[in-house]
Amino acid sequence: MTTGSSQLAIPLHVSYIKSLGDNKDDLAYHLTAHLRMNAIYWGLTALCIMRHKEALPRDETIEFVMSCWDDEAGAFGAHPDHDAHLHSTLSAIQILLMHDALDRIDIPRVVKFILSLHQPSGVFAGDSFGEIDTRFLYCAVSALSLLGQLHLLDGEAKDRTVNYIVRCRNFDGGFGNVIGAESHAAQAALAIFDRLDVIDEETLGWWLCERQLPNGGLNGRPEKLEDVCYSFWVLSAMAILDKIPWIDADKLTAFILSAQDLEAGGIADRPGDMADVFHTLFGVAGLSLLGYPGLQDLDPVYCMPADLIEKMGLRKPWNALKRKTA
Amino acid sequence: MPALSSSSKSSDKELPLYSERPEWSDVTPLAQYEDANPIAPIFYSAEYKDATDYFRGIVKTGEKSQRVLELTETIIRLNPAHYSAWQYRYETILALNAPLDVELKLMDELAVAFLKTYQVWHHRRLLLMLTRNPAPELKFIAESLKADVKNYHTWSYRQWLLAYFNDEDLWSGELDFVEAMIVHDVRNNSAWHHRFFVVFQSGIREEETDRARIIRRELTFVKENISSAANNPSAWNYLRGILDINSLPYSRVEDFVRLYVGTSDDAVRDVVDLENPPPAKGAELPCPAAIEFLADIHEKEGRIFQATELWRSMADEHDTIRKKYWEFRIREGLKSVKK
């Protein structure tokens, strides 16, 4: 049960993440096998932002990532023996980058896998089962960029991809995850492509800042509940548009902190609910973008440590709030 | 969450493990590959481990048979997100030419339990592309929405169905359907979004060629709904949407909007003005969305100072959480005057 606070309980959250691998007694654990790779990415990134990267052992992590290699498809699944998926492939790349182990990847094969999921309409499927979603488009573009291979998506292919996103724009100024779908927070691929020119930044900024509710939290669509994860999804988009000031930062910070579990550690979707590693990352990520003291800078385009992205020469224009001193 | 059996020793377990069933003895189960010491080891219930071991076994041999349908169903019930099991099941259905109506009935049952799982809906899509019988789906989707009225996958699936088959009969009841959803919950953003799709973004159908009539109808509809629940962002977004997509000036609804900017709900009611239904008694006024709308009207008509006055009131009083946004609007407005 979450009990809130006015401070981020970093040591507690670090040990929470460390202990995730110990959860052998949790029956529901096996049901999340399809998320295992992503869970490790969420945990590791949160640790990096909290300046405790060493809390998860490097070699073990890398070995686990490599054990998820689907040699038939030439990419990564979420867990050993799971079919390759775009989302887990992105998470694998991100984890290996954070551990400076990208050389373990067969890059040409992974690139082939990613490009094979590109649809004629411009969107990407997540896997051979065929689910399409602009979130997979983001995964593909981000993965290619992190591998230094974004140039392979050029000319007509790039235009087609950008165009798909444009066609997802709705009458309220927001974007859906497929053409025609309801506006939902969470879209960042255009920044990687340097194609923010195709959006009306003010209208989108307005739609995004309208996600803030009186309690300070952000929701994902009108008339839905606030959720800590939108502290990242909405905030990262606003950072890219340089409009974080349009949000009441103090209220959002207080909301995120109130969703902490100060007994077992971790952050939940909202105060009173159970914590999980997904919301722990996005709560910490949101706080980093809001300038919370003591945290590392987070790159909102890639949701990875900013210094790493900068070192790779991938930094795009974005603006977070200035880091406060404690 | 699907039901789980906690141990293979429990006496109330109905079915024996696959490893205990003689009719499966010809299959070599393959254990999960776990070479390195995984940082995030899985704890499997014996039942799930058993079923997935046998699944790996038949995938290896490429078996496509009736018992594979049973096996994949077992796995799906334990873990609806196991997309490999779904995929293999679909391929097996094709290979066996299995009866699709039976499969759909099973999906009806699983959809109820696993509403938020994408795979259930995607599998349904694939089946519909084979059966080519979309009409009963509309009722199914409506029932499904009762459990979760804003389910993103469900609404997306309905949209896909309508657009993919694009059948006049399918469309004919849609306006009534979405209206009923809005009546049920006027704040359901998914329903408003769907209405916009049906009316303005899915082509023009037989009885809808008189666009002026359609626009009037929609304006009346949204205004009535704003009248009964003024502080509803979905409805105000919808109003903007109607005007934007038809390139109509916002000033067209100025008289209506003004009714929601005042503080009193004692609008003159002796004359029934269908064009301008006033706020319901007890409405929370002024309505910030209306102030915002009126400011936009002023701005578009060149009345910048009146607009900035309203934006000031939003920043200071009616929408203080977005103070910085309203101050941005004021700055931009004043900039445009200086030009």
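Just so you know, these numbers come straight off a predicted model, no measurement behind them.

Glancing now at helix 4 (residues 86-98) of chain A. Residues and elements named next belong to chain A. Here helix 4 contains 13 residues, and its C-alpha end-to-end distance of 18 Å stays within 8% of the 18 Å for a straight helix at 1.5 Å per residue. Most of helix 4 is tucked away: twelve of the 13 residues are buried. For helix 4, the full list of buried residues reads Leu86, Ser88, Thr89, Leu90, Ser91, Ala92, Ile93, Gln94, Ile95, Leu96, Leu97 and Met98. Phi turns positive, to about 50°, at aspartate 100, one or two residues after helix 4.

Another aspect to go through is unusual backbone geometry. Geometrically, the link from B:Leu285 to B:Pro286 is a cis peptide bond, its omega value of -5° lying close to zero. Structurally, B:Pro286 is set in the loop between helix 13 (254-258) and helix 14 (288-300). Phi is positive for A:Asp242, which is not a glycine, with a value near 55°. Within the secondary structure layout, A:Asp242 lies in the loop between helix 10 (230-240) and helix 11 (249-258).

Below, the discussion takes up empty space enclosed by the protein. Applying the stated criterion across every chain, the model contains two cavities of 30 Å³ or more. Empty space within the largest cavity amounts to approximately 80 Å³. Along its surface, the largest cavity is lined by A:Gly180, A:Ala181, A:Glu182, B:Tyr152, B:Trp155, B:Ser156, B:Gln159, B:Ser190, B:His193 and B:His194. Mapped by element, the contributors of at least two residues to the lining of the largest cavity are helix 7 (152-165) and helix 10 (189-200) of chain B. If you tally residues by element for the lining of the largest cavity, the top one is helix 7 of chain B, at four residues. Split into classes, the residues belonging to the lining of the largest cavity amount to three nonpolar, six polar and one charged. Elements with a minimum of two residues in the lining of the second largest cavity: helix 10 and helix 12 (233-245) of chain B. In terms of residue class, the lining of the second largest cavity is built from three nonpolar, five polar and two charged.

The full count for this structure, using the stated rule, is 33 aromatic pairs over all chains. Both rings, one in A:Phe232 and one in A:Trp233, keep their centres 5.5 Å apart while their planes meet at 65°; by these two values the pair is edge-to-face. Classification of A:Phe232 as buried rests on a relative accessible area of 3%. Classification of A:Trp233 as partly exposed rests on a relative accessible area of 25%. With a centroid separation of 5.9 Å and 40° between ring planes, the pair formed by B:Trp171 and B:Phe197 is classed as tilted. Of this pair, B:Trp171 sits in helix 8 (residues 168-172) while B:Phe197 sits in helix 10, placing them 26 residues apart in sequence. For B:Trp171, a relative accessible area of 5% translates into the label buried.

This paragraph deals with helix 4 (residues 100-113) of chain B. Residues and elements named next belong to chain B. End to end, helix 4 covers 20 Å across 14 residues, agreeing with the expected 20 Å (1.5 Å per residue, within 8%). Listing the buried residues of helix 4 in full gives Leu100, Glu103, Leu104, Leu106, Met107, Leu110 and Ala111. When helix 4 is viewed along its axis, its buried side chains cluster within an angular range of 160° and face the same direction. In helix 4, the exposed positions angled more than 90 degrees off the buried face are occupied by Asp101, Val102, Lys105 and Val112.

This part takes up the confidence of the model for chain B. All names here are of chain B. Averaged over all residues, the pLDDT of chain B equals 88, while 89% of them reach at least 70. Counting contacts from residues 1-13, a segment whose pLDDT is below 50, to residues more than four positions away or on other chains yields 19 contacts. For this predicted complex, the interface confidence score (ipTM) comes to 0.84, while the overall pTM stands at 0.85.

Residues and elements named next belong to chain B. Between helix 10 and helix 11 (residues 211-228), the shortest axis-to-axis distance is 12 Å and the interhelical angle comes to 170°. Classified by the angle between their axes, helix 10 and helix 11 sit roughly antiparallel to one another. On helix 11, the residues that touch Trp192, Arg195, Val199 and Phe200 of helix 10 are Arg211, Ile214, Arg217, Glu218, Phe221, Val222 and Asn225. Residue composition of the contact of helix 10 with helix 11, by class: six nonpolar, one polar and four charged.

Attention now moves to the pattern of salt bridges. Counting across every chain of the model gives 43 salt bridges over all chains. Across the pair A:Glu182 and A:Arg221 runs a salt bridge whose closest N-O atoms are separated by 2.8 Å. Here A:Glu182, found in the loop between helix 7 (155-166) and helix 8 (189-192), pairs with A:Arg221, found in the loop between helix 9 (201-209) and helix 10; they are 39 residues apart in sequence, far enough to count as distant. Here B:Asp316 ties to B:Arg312 by a salt bridge, and the two come within 3.1 Å at their closest N and O atoms.

What counts and how
- Residues numbered from 1 in each chain as written.
- Chains lettered and ligands numbered in written order.
- Predicted model: local features only at pLDDT ≥ 70, side-chain atom pairs only at ≥ 80, totals over all residues.
- Heavy atoms only, no water.
- Helix = DSSP H or I, 4+ residues; strand = E, 2+ residues; numbered from the N terminus.
- Expected span 1.5 Å × (residues − 1).
- Buried < 20%, exposed > 50% of the residue type's maximum accessible area, 1.4 Å probe, protein only.
- 1 Å grid on protein atoms, 1.4 Å probe; cavity = no way out; pocket = protein on both sides within 12 Å on 5 of 7 lines; lining within 4 Å.
- Points joined across faces, edges and corners; volume = space filled by probe spheres on them.
- Nonpolar A, V, L, I, M, F, W, Y, C, P; charged D, E, K, R; others polar.
- Phe/Tyr/Trp six-rings, centres within 6.5 Å; stacked < 30°, edge-to-face > 60°.
- Arc of directions from axis to C-beta.
- pLDDT = per-residue confidence, 0-100.
- Contact = heavy atoms within 4.5 Å.
- Axes fitted to C-alpha atoms, helices over the stretch in contact; angles between N-to-C directions.
- Parallel < 35°, antiparallel > 145°, perpendicular 65-115°, else oblique.
- Salt bridge = Lys/Arg side-chain N within 4 Å of Asp/Glu carboxyl O.

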